[in-house]
Amino acid sequence: MSFEILRSDISALALGSAVLGCGGGGNSYYGQLVASRALAADSSVRVIDIEEMDARAFALTSAAVGAPLICLEKPPSMSALRVGVDSAKALLHGSVGAFFAAEIGGLQCMFPLMLAAETGLPLLDGDGMGRAFPELQMSTFAIYGTTPGLPTVLSSDRGLLFDNVSAMLKYAPPPADSRDSGDVRFERAVRKICADDGGLIYLTAAFDQPSLSRTIVRGSIHLALKIGRAVESARSANTDPIAALIDAGCGKRFIGGKIVDVERHFRGGHDWGEVRLEGIDDSRARSSSRDRGRVARISFKNEYLILWLDGEVVLTVPDLITLAETETGTPVSTEILRPGLRVTVVGLPCSPLLRSPAALRAVGPRAFGYDLEYVSIDRID
């Protein structure tokens, strides 16, 4: 069912998308600032389900490619987005019926919102991950396949970089594994182009409606708004924002504590690292409030990947691991982690589309180099 996004909804959308970003996807506050300017006070963006889109039309997605730390230094570029969209439309043999998010997490959902606001076209209620992931082949579009040969372009502040996938693939480094798929080679090529261009570029791609109907993670814009509104309401009512986040996202609380150490390094175009917490008792938490003496560590590659609690793996990708400030419910992305920050670790269930055997090969722990089986949030009481 369709609904409208007003300018007054953008702060809730930014907050909720940051929760679903699992620490990555770019700093949503920057996206909130730019989107608030793009959407006039008296206007709105219509959000529709993929089945409401004209089956003969195409949908465009525009996403930033780069590390969260770089996104902190380089704010979103509307000029780069417009160049990408104009170039893709020029190559497309058909009309554009909507925009949609490649991933809901972080600031990524703000790009299609801004483009929809500028053009008057609707925004699809869905994305290609239901969260954020660090690599392009980790989207449901790559996992389940879509119609090949549609326009894919790269742009940056310098203008159009590439409008031909074959030309992009020439930048792919030699494969580390002969079993690497074409989607992995494409990811490696785009990441190399991104690094050469300063660490932040924009990818715009066209998809047909039948492909999206089969592969899109539906309802993620609605879910982000629901989470964001719940946390904002809890703040206004002076109630527990973490409990509100958990209720809205059907999540579970794992530990509340203080960050005591952060290791971070930039490698291959991504932020890699690990954050460690010591538990702190929280009188406001409805359960599991006795966390003093417990320890947690969380690994990340742009996004949080694996959660160890007292030495045991208790949650892994593709389920969502998110950190939020305990007092305010504000999501904590990986680029702003710092010792002393008091946070609560929350898990949320991923889309069923990410739990198939094919999906787990692409986004499970082993896809990130961990010799671990997927540990589902469903096993937690």
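Quick caveat, the model's predicted, so the values are computed rather than measured.

### Observations regarding the nonpolar core
Grouped together as the largest cluster of nonpolar side chains are 73 residues, with contacts concentrated most on I5, L13, L113 and I221. Looking at which element gives the most residues to this core, the answer is helix 1 (residues 10–20), with seven residues. Not counting residues within four places of it along the chain, the set of residues in contact with I221 comprises F3, I5, L13, V47, I104, C109, L123, L124, D125 and G126. Counting residues in each nonpolar core, the second largest holds 24 residues, with A59, L124, F186 and L203 among its members.

### What about the state of the cysteines?
Each disulfide is one covalent bond, formed between the sulfur atoms of two cysteines. Following the criterion strictly, the structure yields zero disulfides and no others. Lacking any disulfide linkage, C22 is separated from the closest cysteine sulfur, that of C350, by 9.8 Å. The buried category is assigned to C22, whose relative accessible area is 0%.

### Details of the packing of helix 1 against helix 10 (residues 220–237)
Helices that pack against each other are described as a pair by the angle of their axes relative to one another and the distance between those axes. Packing of helix 1 against helix 10 leaves a shortest axis separation of 7 Å and a crossing angle of 110 degrees. Between helix 1 and helix 10, the crossing angle belongs to the class labelled roughly perpendicular. In contact with S11, A12, L13, L15, G16, S17, V19 and L20 of helix 1, helix 10 contributes S220, I221, L223, A224, L225, I227, G228, R229, V231, E232 and R235.

### Some details on the side chain of T316
Mapped onto the secondary structure, T316 falls in strand 14 (residues 312–316). Here the side chain of T316 touches V375 through a polar contact of 3.0 Å, landing on its backbone nitrogen. The residues contacting T316, other than those within four sequence positions of it, are L305, I306, P365, E373, Y374 and V375.

### Some remarks on the environment of V314
Tracing the backbone shows V314 in strand 14. Note on V314: relative accessible area 9%, which makes it buried. Sequence-wise, V314 and V375 are 61 residues apart; in three dimensions their C-alpha atoms are separated by 6.5 Å. Ignoring sequence-local partners within four residues, the contact set of V314 consists of F254, L307, L309, V375, R379 and I380.

### Considerations on the sheet that holds strand 12 (residues 295–301)
Here we have seven strands laid out as an open sheet, ordered 14-13-12-11-10-16-15, and antiparallel in their pairing. Of all strands in the sheet, those with a lone pairing partner are strand 14 and strand 15 (320–325), marking the two edges. The average angle at which neighbouring strand axes cross in this sheet is 35 degrees, direction not considered. The strands that helix 11 (residues 241–249) touches are strand 10 (252–267), strand 15 and strand 16 (342–348); relative to strand 16, the one it contacts most, it runs at about 10 degrees.

Rules of the game
Residues numbered from 1 in each chain as written. Predicted model: local features only at pLDDT ≥ 70, side-chain atom pairs only at ≥ 80, totals over all residues. Heavy atoms only, no water. Core = buried A, V, L, I, M, F, W, Y, C linked by side-chain atoms within 4.5 Å. Buried < 20%, exposed > 50% of the residue type's maximum accessible area, 1.4 Å probe, protein only. Helix = DSSP H or I, 4+ residues; strand = E, 2+ residues; numbered from the N terminus. Contact = heavy atoms within 4.5 Å. Disulfide = S-S within 2.5 Å. Axes fitted to C-alpha atoms, helices over the stretch in contact; angles between N-to-C directions. Parallel < 35°, antiparallel > 145°, perpendicular 65-115°, else oblique. Polar contact = N/O pair within 3.5 Å; in protein donor to acceptor, adjacent residues only side chain to side chain. Pairing = 2+ DSSP bridges.

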